[in-house]
Amino acid sequence: MRFDLRSCDSAYEFVLNVMDMSSDEYVTELLINSRNDFEIFWKRNIEQIKNVDFSDLQIMAFHVVGTLDECKEIRKNGLMNLQEVLKRDTVLSRMLNKCGIVFDIENRILNCNGKCYNIDYDRYHNKHFFNEIDKRLDSIAHRVYYDFCVNGFLLNDNISNYGTNIHERPEFLMTLIELSDEVRKLDEYWRKHSRSYIVNFYVTLDQISRFNFDLDEWRDPPYDGWDGLDDDMKIKKWTLFHAMDRANDDLDMQFLYVKDDVVIPPNQIESITEM
C-alpha cells in the first residue's frame, strides 16, 4: 500500500484502500454518517482501520535539487545524508575543496583555508556567542551533526514557497556562504550553471524518523485519545487524517524526515524529472 500526498487523487486513493470502500461508500460514510467529522469517522470505522496491514507501507515523497551533474551521483548512489555527501568524493565535496573548505566528519573539524575549527555541535549548542565566527560555526555544527538527515516533501505544490531556492543549489551553501568569498562565488556559480530536478522516491516505516509523527502530538485541538493509541494506530490515524485532508485539497506543505543513518538507495528512487 502507498501513502502518497503528492496529489489530491493519490491521497484519495490511499483513503479508499485503507477503508476498503468505493468512492460513493466513502462519501456517504464521511459526509452523512459522520457529519464530515474525522473523529466520528475514525470511531465508526475503528475495527476496519485496526485490521489494515501497514507492514509493507510505502511512503511517497520527493526531494528537490539543483545539480551540476544532471543527477548522475543520485542515480548511482541514491540520496545521501549531508555527512555522507561531505565524506565521500562527490561534486559538492570536490567543489568545496577547491574553495579551501574540507570537513573531517569523524573528528568534527572544519578546515577553512588552512585554519582548523572545532565544529562539535555540543560545543556550541545553547551557548551564548561573543563573536561572529562562533555564530557561523554554530550554524555549521547544527547542520552537519544535528540536521543532516535526508529529508523531502510529502507534498508541496509550489516549491518557491519554501523560500530558500533549494532548486538552484545545495541548501547547505547558505550555511557556509559567510565563511569566505570563495564559497560565495561557488554559490553564485552553482545557481548559474545548475539544472533543477525533482527526485521522486519512497521510504518504508522503519526508514523514517518517529519525529514525523511527533510533530502532530501537539496539535490544537489534539487528536481524540491520541495518548491511548499504540504506535501502529498513531501512524494509521496520522496518515488517514492527512490523506483525507489532502484529498479535500485542505493540506499545505508537509515534510518527510528520514532517520539520520539512512541512505535512500537507487532502487527506491522511482523517477527523476527536470523542473
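Here is what the cut-offs are and how they apply
Residues numbered from 1 in each chain as written. Predicted model: local features only at pLDDT ≥ 70, side-chain atom pairs only at ≥ 80, totals over all residues. Heavy atoms only, no water. 1 Å grid on protein atoms, 1.4 Å probe; cavity = no way out; pocket = protein on both sides within 12 Å on 5 of 7 lines; lining within 4 Å. Points joined across faces, edges and corners; volume = space filled by probe spheres on them. Helix = DSSP H or I, 4+ residues; strand = E, 2+ residues; numbered from the N terminus. Nonpolar A, V, L, I, M, F, W, Y, C, P; charged D, E, K, R; others polar. Pairing = 2+ DSSP bridges. Axes fitted to C-alpha atoms, helices over the stretch in contact; angles between N-to-C directions. Expected span 1.5 Å × (residues − 1). Buried < 20%, exposed > 50% of the residue type's maximum accessible area, 1.4 Å probe, protein only. Arc of directions from axis to C-beta. Contact = heavy atoms within 4.5 Å. Polar contact = N/O pair within 3.5 Å; in protein donor to acceptor, adjacent residues only side chain to side chain.

Focus: empty space enclosed by the protein
Moving on, step 1. Tallied over the full model, the rule gives 1 cavity of 30 Å³ or more.
Moving on, step 2. Counted as a void, the largest cavity has a volume near 40 Å³.
Moving on, step 3. Lining the largest cavity are Phe3, Ile59, Leu154, Ile208, Asn212, Phe213, Trp238, Thr239 and Leu256.
Moving on, step 4. Listed by contribution, the elements that provide at least two residues to the lining of the largest cavity are helix H12 (211-214) and helix H13 (231-247).
Moving on, step 5. For the lining of the largest cavity, the residue count by class is 7 nonpolar, 2 polar and no charged.

Points about the sheet that holds strand E5 (residues 115-118)
Moving on, step 1. Spatial strand order, E3-E4-E5: 3 strands in an open sheet with antiparallel pairing. Strands with a single pairing partner mark the edges of an open sheet, and in this sheet they are strand E3 (101-104) and E5. Geometrically, the sheet is characterised by an average inter-axis angle of 20 degrees between neighbouring strands, direction not taken into account.

Let's talk about the pairing of E5
Moving on, step 1. Inspection of the sheet shows strand E4 (residues 109-112) paired to E5 by 4 bridges, in the antiparallel sense. Across the sheet, the residue bridging to leucine 110 is tyrosine 117, located in E5.
Moving on, step 2. The antiparallel pairing of E4 with E5 creates a hairpin that spans 2 residues between the two strands, and asparagine 113 there sits at a positive phi of about 50 degrees.

Concerning H13
Moving on, step 1. Taking 1.5 Å of rise per residue, the 17 residues of H13 would be expected to cover 24 Å, and the 24 Å separating its terminal C-alpha atoms lies within 8% of that figure.
Moving on, step 2. Within H13, 13 of the 17 residues are buried, which leaves the element mostly enclosed by the surrounding structure.
Moving on, step 3. Count one or two residues on from H13 and you reach aspartate 249, which has phi positive near 60 degrees.

Digging into helix H11 (residues 181-193)
Moving on, step 1. With 13 residues, H11 should cover 18 Å at 1.5 Å per step; its first-to-last C-alpha distance of 18 Å lies within 8% of that length.
Moving on, step 2. Within the sequence span of H11, burial applies to Val183, Leu186, Asp187 and Trp190. One face of H11 carries all of its buried residues, which in axial projection span an arc of 100 degrees. Along H11, exposed side chains directed more than 90 degrees from the buried face belong to Asp181, Lys185 and Lys192.
Moving on, step 3. Residues of H11 that are buried sit in contact with strand E2 (58-67), helix H7 (91-98), E3 and helix H10 (172-176).

Quick look at unusual backbone geometry
Moving on, step 1. With a phi close to 60 degrees, asparagine 36 is a non-glycine residue in the positive phi region.
Moving on, step 2. The class of asparagine 36 is exposed, set by a relative accessible area of 52%.
Moving on, step 3. Although it is not a glycine, cysteine 71 sits at a positive phi angle of roughly 70 degrees.
Moving on, step 4. Topologically, cysteine 71 is positioned in the loop between E2 and helix H5 (72-77).

Structural notes on the side chain of lysine 236
Moving on, step 1. By the secondary structure assignment, lysine 236 is in helix H13.
Moving on, step 2. Look at lysine 236 and you get buried, because its relative accessible area is 3%.
Moving on, step 3. Among the polar contacts made by the side chain of lysine 236, one reaches the main-chain carbonyl oxygen of isoleucine 49 at a distance of 3.1 Å.
Moving on, step 4. Contact partners of lysine 236, with chain neighbours within four places excluded, come to Trp42, Ile49, Lys50, Val52 and Phe54.

Things to note about the layout of surface pockets
Moving on, step 1. Considering only enclosed or pocket space, the largest pocket measures out at about 1,100 Å³ in volume.
Moving on, step 2. Along the wall of the largest pocket there are 44 residues; nearest its centre are His63, Met80, Arg143, Cys149 and Asn151.
Moving on, step 3. When residues of the lining of the largest pocket are traced back to their parent elements, those giving at least two are E2, H5, helix H6 (82-87), H7, strand E6 (151-155), H10 and strand E8 (254-257).
Moving on, step 4. Grouping the amino acids of the lining of the largest pocket by side-chain chemistry returns 26 nonpolar, 10 polar and 8 charged.
Moving on, step 5. Quantified by volume, the second largest pocket comes out at close to 300 Å³.
Moving on, step 6. Lining the second largest pocket are 14 residues; nearest its centre among them are Tyr26, Leu30, Asn36, Met244 and Asn248.
Moving on, step 7. Among the secondary structure elements, those contributing two or more residues to the lining of the second largest pocket are helix H2 (23-33) and H13.
Moving on, step 8. Class assignment of the residues belonging to the lining of the second largest pocket gives a composition of 9 nonpolar, 2 polar and 3 charged.

Remember, this is a structural readout, not a statement about activity or role.
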